[in-house]
There are 2 protein chains.
Amino acid sequence: MGTRTAADSAAPSRREQILREAARLFAERGFHGVGVDEIGAAVGISGPGLYRHFAGKDAMLAELLVGISERLYDGGRRRSEESAAAGLEPAAALDALIDGHIDFALDDRELITLHDRELDRLRDAERKQVRKLQRQYVELWVEAVRALYPDLTELEARVSVHTVFGLLNSTPHLGGPSSMPDRETTAALLHRLARGALSAAAPGAAPGGSGATAGSFSVAPDGPEVALGS
Amino acid sequence: MGTRTAADSAAPSRREQILREAARLFAERGFHGVGVDEIGAAVGISGPGLYRHFAGKDAMLAELLVGISERLYDGGRRRSEESAAAGLEPAAALDALIDGHIDFALDDRELITLHDRELDRLRDAERKQVRKLQRQYVELWVEAVRALYPDLTELEARVSVHTVFGLLNSTPHLGGPSSMPDRETTAALLHRLARGALSAAAPGAAPGGSGATAGSFSVAPDGPEVALGS
DNA sequence: CCTCAAGGTTAACGCTCACTAACCCGGCTG
DNA sequence: CAGCCGGGTTAGTGAGCGTTAACCTTGAGG
């Protein structure tokens, strides 16, 4: 391993600078669409100078993707543990997960893009590592969702969680800030969308956990509330 | 362009065979990750034989992407027009759009993957064409959504539609049929999730944002009673 | 039978691009 | 001052790959 763990956050430290620029370029034009010379140029050095910091182009991608998955999973686990420790109700625990993911999706849109676009360019070892972290992250969500909506089957919960990831991860497609409300408003909207989707996942048409906390569902002041009964 | 319109559906006609295999391979390993020799091998001919049918590798991708966007938009427009002609209520019109998109997402998962992964590999002309079709398709949805939820601002509706696309288009990430219910069940679940998300888009109560109590976010209790299927 | 076109084949070319080799230089440290 | 070493540099190399060239086969038509 490198002698350097990712501890220094104060100084951008070249290495991190390279990673940041590489992430941006990879997300913009794809892993194969970016040459090492470009990455070098983006940080002021030229071409093969990168090999003083990384074993190769693949290594950069690997470090990026593993880092992303770790950040996502660790963040999710931390939040889940905090929720459990604080004895929060299931709805609040799920909200914490959602907010964490939204922060990530809004702050690191490029990483989101990379994460599900270039996974298969990795070597077997690293790809398995990333997949494992992804599975664990999904597991956190599935547990949180099923705690709130116990009527969901395992499979339904899993599919729902995946699609909600798709929903939240669509931020890169939203275009520049010109076509998006300000950050806080967007985050709130994303949160409502995600919660709305999950609350409708149960086939019974009666969303809302029958569990301990069925209470907190109040809303829709001017809700359209279509009586859709055809 | 080609003298051949897409009329012959009876005979796979080599050309379409090539397109189908190319789509599969591109989706699997990315445009740059697939060589022409592989595409040729997939249809039983080898390498440069493809150039009897296409001007180049780019041309295959272009035809695929333009075809996808056209199919999506045309299908959506047809359904919208039918809904309007039949005098259906807004909810039913939106349901029609959702079902159309779900059919597409379930039947042509690879095309979905290509559609938002390799768009930037196109020449300016074709990329603009695809983007235009995409915009028009989004417009259909935005109109349908706002007809049903008039309280949504234009921006909110647009963002919500994009995220719902992200939700529906996440089917490729769901893994094989082993990790998915049967088609009909999955379609119904996706429909509920999409409707649930959209029904929660309107800013209900406190946009307290990140914060505070999670409960204030929640969602209309009786969400979409999906009138699906029949 | 000759021709012609459609649809293949293999060989080769040329370019891009990741990576290596060889060299260089400034700043610590002994 | 010597000497190492981290971090650059430029030139070169070799593989991969899209594309072209030249040639071959088959079947239909006058």
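Residues numbered from 1 in each chain as written. Chains lettered and ligands numbered in written order. Predicted model: local features only at pLDDT ≥ 70, side-chain atom pairs only at ≥ 80, totals over all residues. Heavy atoms only, no water.

Going by what an unreviewed UniProt entry lists, chain A is known as TetR/AcrR family transcriptional regulator and is assigned to Streptomyces axinellae.

Trainee: Got a minute to help me understand the overall build of chain A in this structure?
Mentor: Per the secondary structure count, chain A includes 8 helices and 0 strands. Looking at chain A as a whole, 47% of its 230 residues qualify as buried. In chain A, 69% of the contacts between residues at least 6 apart in sequence involve partners at least 24 apart. When the accessible surface of chain A is summed, it comes to about 10,600 Å², and 52% of that surface belongs to carbon and sulfur atoms. (Helix = DSSP H or I, 4+ residues; strand = E, 2+ residues; numbered from the N terminus. Buried < 20%, exposed > 50% of the residue type's maximum accessible area, 1.4 Å probe, protein only. Contact = heavy atoms within 4.5 Å. Areas by Shrake-Rupley, 256 points an atom, 1.4 Å probe, with all protein chains shown as cover.)

Trainee: So what exactly am I meant to see when it comes to the protein's contact with DNA strand C here?
Mentor: Around DNA strand C, the surrounding shell holds 15 residues, and the nearest of these are Tyr51(A), Lys57(A), Arg14(B), Arg52(B) and His53(B). Atoms of DNA strand C within 4 Å of the protein belong to the sugar or the phosphate in 52% of instances, the rest to bases. One of the backbone N or O atoms of Val34(A) is found 3.2 Å from a phosphate oxygen in DNA strand C. Contact distances for DNA strand C include 2.8 Å between a phosphate oxygen and a backbone N or O atom of Val36(A). Within the surface near DNA strand C, the residues separate by chemical class into 6 nonpolar, 5 polar and 4 charged. (Near = heavy atom within 4 Å. Polar contact = N/O pair within 3.5 Å; in protein donor to acceptor, adjacent residues only side chain to side chain. Nonpolar A, V, L, I, M, F, W, Y, C, P; charged D, E, K, R; others polar.)

Trainee: Is there a simple way to think about the packing of aromatic side chains in this case?
Mentor: Residues and elements named next belong to chain A. In this structure the tally under the stated criterion is 8 aromatic pairs over all chains. Ring geometry for tyrosine 137 and tryptophan 141: centres 6.2 Å apart, planes at 65°, overall edge-to-face. Of the two residues, tyrosine 137 and tryptophan 141 both sit in helix 6 (residues 124-148), 4 residues apart, roughly one turn of that helix. The two residues tyrosine 137 and tryptophan 141 agree in class, both being buried. A centroid spacing of 5.4 Å and a plane angle of 15° characterise the contact between tyrosine 137 and phenylalanine 165, whose relative ring orientation is stacked. (Phe/Tyr/Trp six-rings, centres within 6.5 Å; stacked < 30°, edge-to-face > 60°.)

Trainee: Is there a simple way to think about the protein's contact with DNA strand D in this case?
Mentor: Every one of the 15 residues lining DNA strand D counts as a neighbour, but Arg14(A), Arg52(A), His53(A), Tyr51(B) and Lys57(B) are closest to it. Expressed as a percentage, the sugar and phosphate content of the atoms of DNA strand D within 4 Å of the protein is 53%. Within the backbone of Val34(B), an N or O atom sits 3.3 Å from a phosphate oxygen of DNA strand D. Its residues placed into classes, the surface near DNA strand D shows 6 nonpolar, 5 polar and 4 charged.

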